[in-house]
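Reading the structure
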Amino acid sequence: MSILRLRCLSHSLLYQSERTLHERFFATVPTSSHLNREALNYDVLIVGGGPAGLSAAIKIKQLCEEKEKDISVCVVEKGGEIGSHILSGNVLETKALDELFADWRSCPDVPIKVPASKDRFYYLASSSSSFRLPAIGPLHNKGNYIVSLSEVCRWLGKRAESLGVEVLSGYSGKEVLYNWNGAVVGVTTGDHGVAKDGSRKETFSLGVELRARATLFAEGCRGSLSESLIKRYNLRESAEHQTYALGLKEVWEVPTSQHKEGTVIHTVGYPTDHGTYGGGFVYHMADNKVALGLVIGLDYKNPTLNTFKEFQRWKLHPVIRQNIEGGTCLQYGARTLNEGGLQSIPKLSFPGGALIGCSAGFLNVPKIKGTHMAMKSGILVGEAVFRALTGEAAAAAAEAETIKRRREVSLVPAPAGSDAVVPSEAWKKGPADLSELEGAVQRSWITEELHSVRNIRPAFSMLGLIPGLLHAFIETYVFRGKAPWTFSHRAPDHERTQPLSECTPISYSDFKPDAKLTLDLPRALYLSGTNHDHDQPSHLTLRDPGVPERVNHAQFGGPESKYCPAGVYEYREEANGRQHLVINAQNCLHCKACDIKDSTQNIKWTTPQGGGGPNYKVM
């Protein structure tokens, strides 16, 4: 019997006597996967163990200690452990961390040790030439720290558990649970032990219902459950569509002679053309490690652009190669990031829950930073949840006391039944109302910061690289983020891809992996640690299996085989000459690029069986 199932049994016994009143509010609407699942009941459920979700959990528990309240909090994480699915090219701005832990610098185990000491910014004019540019305001990193975000999240996870947060790693949130009033009351975890043909293997175990009064979605960029909530509640009604980029990253161990701890390098230009938004980074970490990566805006037009090969070619530029030459690549990975900024932030709250962190889209694109905003959104929602639950608990307790006193003096008759009709625990009052979160975020420095840079990313899309850089300078130093206009985003990323007939194919004939500076894809995937059970239903499905041949390959040349940084999508020619799309789901890095960039939105990304995916250690 699994640990999770034992927990279900104990919780079931604990709540048996209170079941009738609880089901009044939390009885779930039957769905296609609604079986006789066991359930765990919490006050707060957080889907995703990243910086936003963990900050929310920690803040709630800190307030519980401060105010002597008791709120149960559970974090469910699809990765095998906290941090294993976390990737970020991260120079951490610590303002939110300072709010969460004022004494974090004195913690001996904190993995935040390397202050940024030097900023460099280059325009790469070609494969061999470059010009150094002044680092404009958003690229100044004085006071920030070069970190591995996967390590930081593991540290936050330990702090959360020490405060009493229950962390369930290796369990993916598969489906949102709703009550009969349409409010969110939790999620269902995915079933384990299902074979590729849908049959149950000997190891089969049914997923569990995780129920809560407040369910917070912190899945990261393009979270599958978060996207379903945005559509169900029309949360983008007053916001623009989101825009995205794909970041590919490696971590190297280099010789001491060329390691410059604290150095931060950013680049624009080569290898992408001036119409494609993007840039690179090189961060010198602790212990002779160097993190480097290339970010490519997914609004690019040319369907022949190969993201993995662009990244490998970029590493050969003299500005980049001098940082890693003679070293060893330790890890590879990829992840999409939000680039829509202020214009694309949806409504955050809905009945019974809220979106936080990158699920909502909090990222400062010119700074290339979002962790501090994700953590701040977690802090704000933690405060909102605490007020919602304890405020109602206090009201319920006051109501019970009033009724009791009235009975004592015979002012009112006792209701039929027993005193049990008066709830005393907050969770008995139904899904929490977190609508105050909108105002809290708008009053915070999150909105102030996003407002000041709101026009920079859209301008690059409209103007191109060089005019975009000039505009960024004017926006930063002349208007100081207070321009009397706000630019809108252009078409969604998947609509920006042009037919193959309208583009000049990008040639990669000169790219030959040397196994020294550049990697081939199989080696890169090995270094990502990605792993999925081959005998399970694919978590990548096609809404129409005929579209890849009829549309994607015929009109666009099969772009999914090029934008995917893991070789998941592969076209094979059949005996009759037709092109058949093969999906190698076991390669998936959970980057979500396919869910975003597919021209017809025919690819559907869902969570695989829990624990599958990359295994990032220092990303």
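Residues numbered from 1 in each chain as written. Predicted model: local features only at pLDDT ≥ 70, side-chain atom pairs only at ≥ 80, totals over all residues. Heavy atoms only, no water.

Going by what an unreviewed UniProt entry lists, the protein is known as Electron transfer flavoprotein-ubiquinone oxidoreductase and is assigned to Chlamydomonas eustigma. The protein has a UniProt comment under Function (unreviewed entry) that states "Accepts electrons from ETF and reduces ubiquinone." (UniProt positions renumbered as here; feature names shortened; annotations may be inferred.)

1. A few points about a negative patch on the surface
A contiguous patch of negative charge on the surface is contributed by Glu-151, Glu-253, Glu-261 and Asp-287. Relative accessible area serves as the criterion here: at 39%, Glu-253 is assigned to the partly exposed category. (Patch = residues over 30% accessible without salt bridge, like charges linked within 9 Å, V, L, I, M, F, W, Y side chains within 5 Å. Areas by Shrake-Rupley, 256 points an atom, 1.4 Å probe, with all protein chains shown as cover. Salt bridge = Lys/Arg side-chain N within 4 Å of Asp/Glu carboxyl O. Lys, Arg positive; Asp, Glu negative; His and termini not counted. Charge placed at Lys NZ, Arg CZ, Asp CG, Glu CD. Buried < 20%, exposed > 50% of the residue type's maximum accessible area, 1.4 Å probe, protein only.)

2. Concerning the pairing of strand β5 (residues 118-124)
Direction of pairing for β5 relative to strand β15 (residues 263-269): parallel, over a ladder of seven bridges. When the bridges of β15 are listed, Asp-119 appears paired with Val-264. Taken together, the four bridges between β5 and strand β6 (residues 130-133) define a ladder with antiparallel strand orientation. The residue of β6 that forms the bridge with Tyr-123 is Phe-131. The hairpin turn running from β5 into β6, its antiparallel successor, is five residues long. (Pairing = 2+ DSSP bridges. Helix = DSSP H or I, 4+ residues; strand = E, 2+ residues; numbered from the N terminus.)

3. Section: the sheet that holds strand β7 (residues 145-148)
Spatial ordering of the open sheet is given by β3-β7-β4, a layout of three strands whose pairing is antiparallel. A single partner strand is all that each edge strand has here, and the edge strands are β3 (89-92) and β4 (114-115). Note that β3 and β7 share four bridges and pair antiparallel. Looking across to β7, one finds that Gly-89 is bridged to Ser-148. Together, β3 and β7 form the strand contacts of helix α5 (residues 149-162), whose direction differs from that of β7 by roughly 80°. (Contact = heavy atoms within 4.5 Å. Axes fitted to C-alpha atoms, helices over the stretch in contact; angles between N-to-C directions.)

4. Thoughts on the packing of helix α12 (residues 456-463) against helix α13 (residues 465-477)
At a closest axis distance of 8 Å, the pairing of α12 and α13 adopts a crossing angle of 150°. When the axis of α12 is compared with that of α13, the two are roughly antiparallel. Between α12 and α13 lies a crossing whose hand is right-handed. Taken together, the residues of α13 that come into contact with α12 (itself represented by Ile-456, Ala-459, Phe-460 and Leu-463) are Leu-465, Pro-467, Gly-468, Leu-469, His-471, Ala-472, Glu-475 and Thr-476. Classifying every residue of the contact of α12 with α13 by side-chain character gives eight nonpolar, three polar and one charged. (Parallel < 35°, antiparallel > 145°, perpendicular 65-115°, else oblique. Left-handed = near helix turned anticlockwise from the far one by under 90°. Nonpolar A, V, L, I, M, F, W, Y, C, P; charged D, E, K, R; others polar.)

5. Quick notes on the sheet that holds strand β16 (residues 278-284)
Within a sheet, each strand pairs with its neighbour through backbone hydrogen bonds, oriented either parallel or antiparallel. Taken in spatial order, the seven strands make up an open sheet running β6-β5-β15-β16-β17-β14-β18, and their pairing is mixed. Looking along the sheet, the strands with just one partner apiece sit at the ends: β6 and β18 (328-338). In this sheet, neighbouring strand axes are inclined to one another by 20° on average, regardless of whether the strands run parallel or antiparallel. For strand β14 (residues 244-253) and strand β17 (residues 289-297), the ladder comprises nine bridges, and the chain directions are antiparallel. The residue bridging Leu-248 from the neighbouring strand is Leu-294, located in β17. Of the strands in this sheet, β5, β14, β15, β16, β17 and β18 touch helix α7 (residues 307-314), which is tilted by about 135° from β17.

6. Observations regarding the packing of aromatic side chains
Applying the stated criterion to the full structure yields twelve aromatic pairs. Between Tyr-178 and Tyr-233, the aromatic rings sit 6.4 Å apart at their centres with planes inclined by 55°, giving tilted as the arrangement. Pair noted here: Tyr-178 is in strand β9 (residues 173-178) and Tyr-233 is in the loop between α6 (224-232) and β14, with a separation of 55 residues, a long-range link. With a relative accessible area of 12%, Tyr-178 lands in the buried category. Each ring, one from Phe-281 and one from Tyr-283, has its centre 4.8 Å from the other, and the planes form 25°; the classification is stacked. Here Phe-281 falls in the buried class, since its relative accessible area comes to 6%. (Phe/Tyr/Trp six-rings, centres within 6.5 Å; stacked < 30°, edge-to-face > 60°.)

7. A short note on helix α15 (residues 521-528)
Of the residues making up α15, those classed as buried are Ala-524, Leu-525, Leu-527 and Ser-528. The buried residues of α15 occupy an angular sector of 160° when the element is viewed end-on, so they sit on one face. Structural note: α15 exposes Pro-522 and Tyr-526 on the side pointing more than 90 degrees away from its buried face. Close packing links the buried residues of α15 with α7 and β18. The N-cap of α15, judged by a side-chain oxygen 3.0 Å from the amide nitrogen of Arg-523 a few residues on, is Asp-520. Immediately beyond the C-terminal end of α15, within one or two residues, lies Gly-529, with a positive phi of roughly 75°. (Arc of directions from axis to C-beta. Polar contact = N/O pair within 3.5 Å; in protein donor to acceptor, adjacent residues only side chain to side chain.)

8. A few points about the nonpolar core
Grouped together as the largest cluster of nonpolar side chains are 84 residues, with contacts concentrated most on Val-44, Leu-216 and Phe-217. In terms of residue count, helix α9 (residues 371-408) provides more of this core than any other element does, ten residues in total. Leaving out residues up to four positions away in the same chain, Val-44 has contacts with Ile-60, Ile-71, Ser-72, Val-73, Cys-74, Ala-212, Ala-214, Leu-216, Val-385 and Leu-389. Counting residues in each nonpolar core, the second largest holds 81 residues, with Tyr-122, Leu-124, Val-254 and Tyr-283 among its members. (Core = buried A, V, L, I, M, F, W, Y, C linked by side-chain atoms within 4.5 Å.)

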